[in-house]
Amino acid sequence: MNDFRVPMSSPDLGPDETAAVLDVVTTGMLSIGPRVAEFEQAVAALCSRRHGIAVNSGTSGLHVAVIASGLADGDLAITTPFSFVASANCLLYERAVPLFVDVEAATGNIDASLVAEAARDLMGGTEAARDRWLPPSLRGASQSVLKAVLPVHAFGQPADMDHISATASQFKLALIEDSCEAIGAAYRGRPAGSFGDMSVFAFYPNKQMTTGEGGMIVADRDDLNALGRSLRNQGRDVFNEWLDHSRLGYNYRLDEMSAALGLAQLRRLDELLSKRARVASWYTERLAGIEGVRTPEIAASTTRMSWFVYVVRIEPPASRREVIDQLSARGIPSRPYFAPIHLQPFYRDRFGYARGQFPVAERLGEDSLALPFSSVMTEDQVDDVCESLVAVLQTSEV
Ligand SMILES: *Cc1c(COP(=O)(O)O)cnc(C)c1O
């Protein structure tokens, strides 16, 4: 391990968070208690939803959303290859198939016009038209049915939800919104998490707000709420006795300490997001116009950015590998972000994906570099990272 001068990310925890967690410990009620219910209501209210279902990670929230949306063996869901692997893995848990379409170069978000084209071809196209979108290993003989769209708000910037929602309703597809990176963001004035039949947030310590491990599903429909609660809690229905189980379920419950921590963080969400926005603006001021780096682009439809990570693109002739190594030698961590999902070894093996299939996502996968980022970062630390990056770019061009 290198000794880095600046951490890649860090949570922003104050005395209120400590007090809230200690308070739960002194009550002795550690699970299925009032904090979880309060936290659910608070997150639902934040994005104008009727229901919140707290879960123990964003990934478990996505898994529950996939089951509740009725996805099962061989069913197809259109999603993005440029994301954290959990947004596609949640489909594989139910033996459903992620059908990737390429992303927009500017934002890294799923290309909504490709979503529409793929849905049209899959819902009524010829076999050749369907095959164009299917993973290579399913071409030719697939009876698979398109059931869902699963967009992701990459890096805290909302995907083109008007266009994606229109496609979902036109073809009666379930809409699962992966908002794990976007709490507090807004798309044309509407909050991230307000678009999906079920929408999911994540609260891992590197996210904008944290519960340790944890996540939240939000929804409006009562049936999805009831099903989600049951799946989270061992398949029990609300009317079941403790050892009665109506269906196959999981233990995906969030505990009371985590919910108390989440409530304390949520009260500070505006502060946390504006601190992150300030750190992002320090970076952009210093890096704009520097040859070899491209700073993040914010779409006009993003009326509020919820900065999750600060990701630049390293442009030729500079090499990203060399930039990472040289930054590391100077005590600065940085990471490729994301590695496209279709190129992960088990996706290649299972679905026959290869390089060349989603050129925009692949290009972003080769160029994109996350710099150290958090709400507790100081302007001096941003200076330090930027000076090092500029120095590295100058030497790597020689
Ligand atoms: C963080 C994240 C998740 C999963 O969250 P966990 O709480 O770590 O399980 C899912 N999707 C995306 C896009 C994420 O960034």
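That block above? That's the structure.
This report concerns the structure included in the present document. (Residues numbered from 1 in each chain as written. Predicted model: local features only at pLDDT ≥ 70, side-chain atom pairs only at ≥ 80, totals over all residues. Heavy atoms only, no water.)

### Digging into the layout of surface pockets
Estimated volume of the largest pocket: approximately 410 Å³. Forming the boundary of the largest pocket are 19 residues, of which Ile32, Arg229, Arg232, Asn233 and Val238 lie nearest the centre. Those elements that provide at least two residues to the lining of the largest pocket are helix 2 (34-46) and helix 8 (222-232). If one sorts the elements of the lining of the largest pocket by residue count, helix 8 sits on top with 4 residues. Among the residues making up the lining of the largest pocket, the classes are represented as 8 nonpolar, 4 polar and 7 charged. Size it by volume and the second largest pocket reaches roughly 330 Å³. Of the residues forming the lining of the second largest pocket, the biggest block, 3 residues, is contributed by helix 3 (residues 58-68). Partitioned by chemical class, the residues of the lining of the second largest pocket number 11 nonpolar, 7 polar and 4 charged. (1 Å grid on protein atoms, 1.4 Å probe; cavity = no way out; pocket = protein on both sides within 12 Å on 5 of 7 lines; lining within 4 Å. Points joined across faces, edges and corners; volume = space filled by probe spheres on them. Helix = DSSP H or I, 4+ residues; strand = E, 2+ residues; numbered from the N terminus. Nonpolar A, V, L, I, M, F, W, Y, C, P; charged D, E, K, R; others polar.)

### Side note on the sheet that holds strand 4 (residues 146-150)
As summarised here, the arrangement of the 7 strands in space is 1-9-8-5-4-2-3, forming an open sheet in which the pairing is mixed. Pairing within the sheet leaves two strands with one partner each, and these edge strands are strand 1 (51-55) and strand 3 (97-100). With strand direction ignored, the average angle separating the axes of adjacent strands in the sheet is 25°. Running over the sheet, helix 2 touches strand 1, strand 8 (198-202) and strand 9 (215-219) and is turned about 125° from strand 1. Here helix 5 (residues 112-122) sits on the sheet and contacts strand 2 (76-79), strand 3 and strand 4; the angle it forms with strand 2, its principal contact strand, is near 160°. (Pairing = 2+ DSSP bridges. Axes fitted to C-alpha atoms, helices over the stretch in contact; angles between N-to-C directions. Contact = heavy atoms within 4.5 Å.)

### Comments concerning the packing of aromatic side chains
All told, the structure shown has 18 aromatic pairs when counted by the stated rule. A centroid spacing of 5.5 Å and a plane angle of 50° characterise the contact between phenylalanine 100 and tyrosine 353, whose relative ring orientation is tilted. Remark: tyrosine 353 occurs in the loop between helix 12 (345-351) and helix 13 (359-367) and phenylalanine 100 occurs in strand 3; sequence separation between them is 253 residues. By the burial criterion, phenylalanine 100 is buried, and tyrosine 353 matches it. Note on phenylalanine 100 and phenylalanine 358: the rings are 6.2 Å apart at their centroids and 80° apart in plane angle, and the pair reads as edge-to-face. Of this pair, phenylalanine 100 sits in strand 3 while phenylalanine 358 sits in the loop between helix 12 and helix 13, and the two are 258 residues apart along the sequence. The same class applies to phenylalanine 100 as to phenylalanine 358, namely buried. Connected via pairs of aromatic rings, a cluster forms that spans Phe100, Phe346, Tyr347, Phe351, Tyr353 and Phe358. (Phe/Tyr/Trp six-rings, centres within 6.5 Å; stacked < 30°, edge-to-face > 60°. Buried < 20%, exposed > 50% of the residue type's maximum accessible area, 1.4 Å probe, protein only.)

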